[in-house]
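Notes for the structure review
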Amino acid sequence: MTLAPETTELKIELALDGDWFTVCDLSTLLPGRGVAALLPDGHQAAIFRDRSGELFAIDNRDPFTGAAVLSRGLTGTHRGRPFVASPLLKQRFDLASGQCLDDEEVRVTAYQVRTA
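Keep in mind the model is a prediction, meaning the values are calculated, not measured.

1. Examining the packing of aromatic side chains
Under the definition given, this model contains 1 aromatic pair. Note on Phe 64 and Phe 93: the rings are 6.3 Å apart at their centroids and 45° apart in plane angle, and the pair reads as tilted. Of this pair, Phe 64 sits in the loop between β5 (55-59) and β6 (74-78) while Phe 93 sits in strand β8 (residues 92-94), and the two are 29 residues apart along the sequence. A residue is classified by how much of its surface remains accessible, and Phe 64, at 31% relative accessible area, is partly exposed. A relative accessible area of 0% means that Phe 93 is categorised as buried. The ring of Phe 83 carries Arg 92 above its face, with NZ or CZ at 5.6 Å from the centroid.

Rules used throughout
- Chains are numbered independently. Their residues run from 1 in the order of the written sequence.
- Given that this is a predicted model, residues contribute local features only at a pLDDT of at least 70 and side-chain atom pairs are listed and counted only at 80 or more, while totals for whole chains, interfaces and linings are drawn from all residues.
- Only hydrogens and water are set aside when side-chain values are computed; all heavy atoms of the structure are taken into account.
- For this analysis, a ring pair means two rings from Phe, Tyr or Trp (six-membered ring only for Trp) whose centres lie within 6.5 Å, classed as stacked if their planes differ by under 30 degrees, edge-to-face if by over 60, and tilted for the remaining angles.
- Runs of H or I in DSSP of at least four residues are treated as helices and runs of E of at least two as strands, each being numbered from the N terminus.
- Note on exposure labels: buried denotes an accessible area under 20% of the residue type's maximum, exposed denotes more than 50%, and partly exposed covers the range between, all computed with a 1.4 Å probe on protein chains only.
- Counted as over-ring charges are cases with an Arg CZ or a Lys NZ within 6 Å of the ring centre that also lie within 35 degrees of the ring normal.

What follows is the structure, encoded as C-alpha cells:
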C-alpha cells in the first residue's frame, strides 16, 4: 500500500556539506509549485515537487537579477526535462542540474534532495 504524501510526516532534506539538512514537510509542496527555504549559510533554496512526485532543489537566487524569486517561477518541461522559469525575466533553469536553458554559460546550484 502506498501512502499519499499529504498523510505522512515525511520531511524534505537537502545534502549540504556532506550532511542532510531538513528544510520542510513534504506536505508543504504542491505539485508544480515551489517553496523557498533558508539554509544555514544564509542562502535560500527553491524546492519543487513535479506532478509525478519527483523532488528538486536549486538556488533560489535568479543570477540575472540577483532577486531571490526562482521558487515563485512557473514550472514546465523542455525535451522531457523539468524546468522553472524565473518570474522576472523568464530565463528557464533545469531543475535537475541548475543549468540555464537560455544561456549555456549560466547555472545555479542544484541540491541533492531526499525524503526522510
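And the narrative resumes.
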